Every structure is written in structure tokens, then in C-alpha cells.
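Breakdown of the fold
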Amino acid sequence: MSETMTQKNEPAVADALNALLADSFALYLKTKNYHWHVHGPHFRELHLLFDEQAAQILATTDLIAERVRKNGAATLRSVGDIGRRQSIRDDDAAGVAPDAMVRALAEDNRTLLAQIRETKAAAEEAGDIATSGLVDGWADETQQRIWFLEATLGY
């Protein structure tokens, strides 16, 4: 009888994916927060950029959660679970300057990219080629977001 992915439990891969999922949700919400609260002479440009980036981040969350389940593990269950696992810090401050928003999101996307690399390493160590292949696309999207944010700052 052949072993299916759902019968195989790869805790290191599932743990890395759940951490990535928590950071993805944290970054999504932070990006939407900035989308809702951006102001100033570049309002429209940043408002649209943040909305596009938030949508891209949210689109990965279901794929990440499904990879956790395909690895035979449970995924995140609540906002509290996200809070316990996330490494990207929330920003509850009122009146954040637009440049500070862009810098924070660039840094947070770099944090997410590091989490993606850890997930790729765990997947490759476990021989999980499906997860390893999927994270390549997520890394490319994250690098593109970083590039757009840094270009917006003039880096």
C-alpha cells in the first residue's frame, strides 16, 4: 500500500509552514492597516500599492494552510494562535508617516522572506518537493514586494 501525503507527518515542515502562515496573516493585516490609514501627497499611489500587496499576501494563506494539512498536521485555528506564532510585529500606532509605513513593510517582507527560506530548507530536508516548489513562487512574490517598496523610498 502506498503512503499518501496525509498519512505522512513531517512536523518540521508543518511547523515552518504554520510560522509562515502566522507571519503572512500578520503582514496582511499590517498592510491593510496601512492601506486604510495612509495619507499625504502620495496617498493614491500608496493606497493602491498597499491594497495590491495585501491581496497578494492573502492569496497565499490558503495554499500555505493546505500544505500544512497535506503534511498531516493541524494548521492555525485562531487569531490568538497567529499571535503566539508570528514574528512580524503589529503596528497599533496612530498617525504613522507614509515613509515609515513603506519602510516597515519592506522590513516585514524581508522577515517573511527569511521565513520562506526556512520553510524551503525544512521541506528539502524532509524530501517534500511539492512544498519546496511552491515556496519558490512565494519567495519571488515577496522579493517583488520588497523591490516595489524600496523603489518607492528611492533605494
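Residues numbered from 1 in each chain as written. Predicted model: local features only at pLDDT ≥ 70, side-chain atom pairs only at ≥ 80, totals over all residues. Heavy atoms only, no water.

1. A closer look at the packing of helix α1 (residues 11-37) against helix α2 (residues 43-70)
Heads up, the rule is: What counts as an axis is a line fitted to C-alpha atoms, over the stretch in contact for a helix, and the angles between N-to-C directions run from 0 to 180 degrees. In DSSP terms, a helix is any run of H or I states spanning at least four residues, a strand is any run of E spanning at least two, and both are numbered starting from the N terminus. Every angle not falling under 35 degrees, over 145, or within 65 to 115 is termed oblique; those three ranges are roughly parallel, roughly antiparallel and roughly perpendicular. The hand of a helix crossing depends on one turn: near helix anticlockwise from the far one by less than a right angle means left-handed, and clockwise means right-handed. Side-chain classes follow a simple rule in which Ala, Val, Leu, Ile, Met, Phe, Trp, Tyr, Cys and Pro form the nonpolar group, Asp, Glu, Lys and Arg form the charged group, and the remainder, Gly included, forms the polar group.
The contact between α1 and α2 brings their axes to 8 Å, and the two run at 160°. In terms of axis orientation, α1 runs roughly antiparallel to α2. By crossing handedness, the relation of α1 to α2 is classed as left-handed. Among the residues forming the contact of α1 with α2, the class breakdown is 15 nonpolar, eight polar and three charged.

2. Concerning the packing of aromatic side chains
The condition is simple: For this analysis, a ring pair means two rings from Phe, Tyr or Trp (six-membered ring only for Trp) whose centres lie within 6.5 Å, classed as stacked if their planes differ by under 30 degrees, edge-to-face if by over 60, and tilted for the remaining angles. Note on exposure labels: buried denotes an accessible area under 20% of the residue type's maximum, exposed denotes more than 50%, and partly exposed covers the range between, all computed with a 1.4 Å probe on protein chains only.
This model, assessed by the stated rule, comprises two aromatic pairs. Ring geometry for Tyr 34 against Phe 50: centres 6.3 Å apart, planes inclined by 50°, an arrangement best described as tilted. Residue Tyr 34 is found in helix α1, and its partner Phe 50 is found in helix α2; the two are separated by 16 residues along the sequence. By the burial criterion, Tyr 34 is buried, and Phe 50 matches it. With a centroid separation of 5.3 Å and an interplanar angle of 90°, the aromatic rings of Trp 147 and Phe 148 are classed as edge-to-face.

3. Comments concerning α1
Under the convention used in this document: Given the number of residues in a helix, its expected span is that number minus one, multiplied by 1.5 Å.
With 27 residues, α1 should cover 39 Å at 1.5 Å per step; its first-to-last C-alpha distance of 39 Å lies within 8% of that length. Most of α1 is tucked away: 19 of the 27 residues are buried.

4. Focus: helix α5 (residues 129-153)
Going by this rule: Only heavy atoms enter the contact rule, under which two residues are in contact if any of them lie within 4.5 Å.
Look at α5: 37 Å from first C-alpha to last across 25 residues, which is about the 36 Å you get at 1.5 Å a residue. When α5 is considered as a whole, its buried residues turn out to be Thr 131, Ser 132, Val 135, Trp 138, Ala 139, Thr 142, Arg 145, Ile 146, Leu 149 and Leu 153. Buried residues along α5 sit against α1, α2 and α4 (98-126). Looking one or two places after α5, you find Gly 154, whose phi comes out positive at around 90°.

5. What to know about the confidence of the model for the protein chain
Our working rule: Residue-level confidence of the predictor is summarised by pLDDT, bounded by 0 at the bottom and 100 at the top.
The predicted model of the protein chain has a mean per-residue pLDDT of 93, with 94% of residues at 70 or higher. Below pLDDT 50 for its whole length, residues 1-7 participates in eleven contacts with residues either more than four positions away or in separate chains.

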